[in-house]
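Inside the fold
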Amino acid sequence: MNNVEIYYFSGTGNSLHVAKELQKLIPETKLIPIVSLLNKEFIETKAETVGFVFPIHLAMAPAPVIEFLKKLDLKSAKYILAVATRAGSQHRAFIDLEKILKKKGKGLDSYFTLNMASNDPKFEGWHPATAEEIAKLESEVQNKLNSIQEIVINKEKSREKDTNFTVPMPVFSILSLLLPILNRLYNVEFYADAKCVGCGTCEKVCLSQKIKIINGKPVWQKDVQCFFCHACLNYCPEQAVQIKSTRLLKSYTDKNERYSHPYAIVDDIAGQK
Ligand SMILES: Cc1cc2nc3c(=O)[nH]c(=O)nc-3n(C[C@H](O)[C@H](O)[C@H](O)COP(=O)(O)O)c2cc1C
Ligand code: SF4
Ligand code: SF4
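Residues numbered from 1 in each chain as written. Chains lettered and ligands numbered in written order. Predicted model: local features only at pLDDT ≥ 70, side-chain atom pairs only at ≥ 80, totals over all residues.

Residues Tyr8 and Cys232 are the most contacted members of the largest nonpolar core, which totals 62 residues. With six residues, the single largest contributor to this core is strand β6 (residues 79-86). Looking at which domains feed residues into this core, each of domain 1 (4-178) and domain 2 (186-270) gives three or more. Dropping the residues within four chain positions of it, Cys232 is found in contact with Phe190, Cys202, Val205, Cys206, Ile211 and Val241. (Core = buried A, V, L, I, M, F, W, Y, C linked by C-beta atoms within 7 Å. Buried ≥ 20, exposed ≤ 12 C-beta atoms within 10 Å, placed from the backbone. Helix = DSSP H or I, 4+ residues; strand = E, 2+ residues; numbered from the N terminus. Domains from an automatic or database assignment. Contact = placed C-beta atoms within 7 Å.)

Structure follows, in structure tokens:
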């Protein structure tokens, strides 16, 4: 039996990097990709310490993380932690996780938010973090991971107060419910522009298997749910994957560069499936 199991989800490698670092810091830790379990009806952990590492999407945990958590049997768990990676804005992910865990008679013993580089190039003026910016963020992440190590090994309670807290949480929780509606109004859709050379990388990294290469070009299948992980957008070697502009969303992906964590290659992302 593994004493520690860390379940992770990562579109561009930030959360994967954090999960790998935690594995180095906490003895007997097994890493398990959440995407590899999504087709299972029932998922059971056998570990005493269970962790979840994931990015913040629209102020929340990504939909597949929530779906996974609802199915997870946590009877063996005596200590549960969650680590969210984000670009810097306030979120409500831990409130949502707590609600799901409460129904299972469990709760989060500790949770932490790590500020990392943004992987969302659709906004005007966005640029990928520079080497200096990444080095600064990584050094802060590493410091925080060292304190997380102590807390987890000693099984301490630690509910970190969010330093980027701007709106009182009850108000924020209500406001943030509007974000998925806003996203639907944005009608986020991807396409490949003329730079596409049909290499198949986007299909390989697509965590929801929404992308299929048909006649040498990627097709985003309408009947498959997108996880909005942004792996296709950021790992296309030609920067050919774009987000469509709509009346509400002017997308700048055709002007902006791309981001992926410096240590996360295509096989690392694809390996989660
Ligand atoms: C669709 C989408 C929505 C995002 N929403 C937020 C957000 O609400 N707040 C935030 O701070 N970062 C947000 N981000 C940035 C990511 O949380 C951040 O870059 C994260 O570390 C990426 O982790 P990953 O590489 O493991 O996927 C968003 C990213 C994407 C792709
Ligand atoms: S990764 Fe880019 S170049 Fe390769 S098939 Fe997809 S869109 Fe085309
Ligand atoms: S289509 Fe792109 S954003 Fe959506 S799940 Fe696939 S790789 Fe992620």
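Next up on the list: the site of ligand 2. Surrounding ligand 2, one finds 13 residues, the nearest of these being Cys196, Cys199, Thr201, Cys202 and Cys236. Split into classes, the residues belonging to the shell around ligand 2 amount to nine nonpolar, three polar and one charged. (Near = placed C-beta within 6 Å. Nonpolar A, V, L, I, M, F, W, Y, C, P; charged D, E, K, R; others polar.)

Pairing is parallel in the open sheet, where six strands are placed in the order β2-β1-β4-β6-β7-β8. What marks the edges here is a single partner per strand, and that holds for β2 (29-33) and β8 (158-159). Of the pairings in the sheet, the one linking strand β1 (residues 4-8) to strand β4 (residues 49-55) comprises five bridges and is parallel in character. Paired with Glu5 across the two strands is Val50, which belongs to β4. (Pairing = 2+ DSSP bridges.)

This paragraph deals with the domain arrangement of the chain. The domain boundaries assigned to the chain delineate domain 1 (4-178) and domain 2 (186-270). For domain 1 versus domain 2, the separation of C-alpha centres amounts to 24 Å. Of the residues lining the interface, 25 residues belong to domain 1; the matching set on domain 2 comes to 23 residues. Taken together, the elements giving at least two residues each to the side of domain 1 that touches domain 2 come down to α1 (14-25) and α2 (63-71). With three residues, α1 is the single largest residue contributor to the side of domain 1 that touches domain 2.

Moving on: the site of ligand 1. Around ligand 1 sit 27 residues in total, of which Ser10, Gly11, Ser15, Pro55 and Arg86 are the nearest. Of all elements in the fold, only α1 and β6 reach the threshold of two or more residues within the shell around ligand 1. Tallied by class, residues from the shell around ligand 1 come to ten nonpolar, 15 polar and two charged. For the shell around ligand 1, the two domains that each supply at least three residues are domain 1 (4-178) and domain 2 (186-270).

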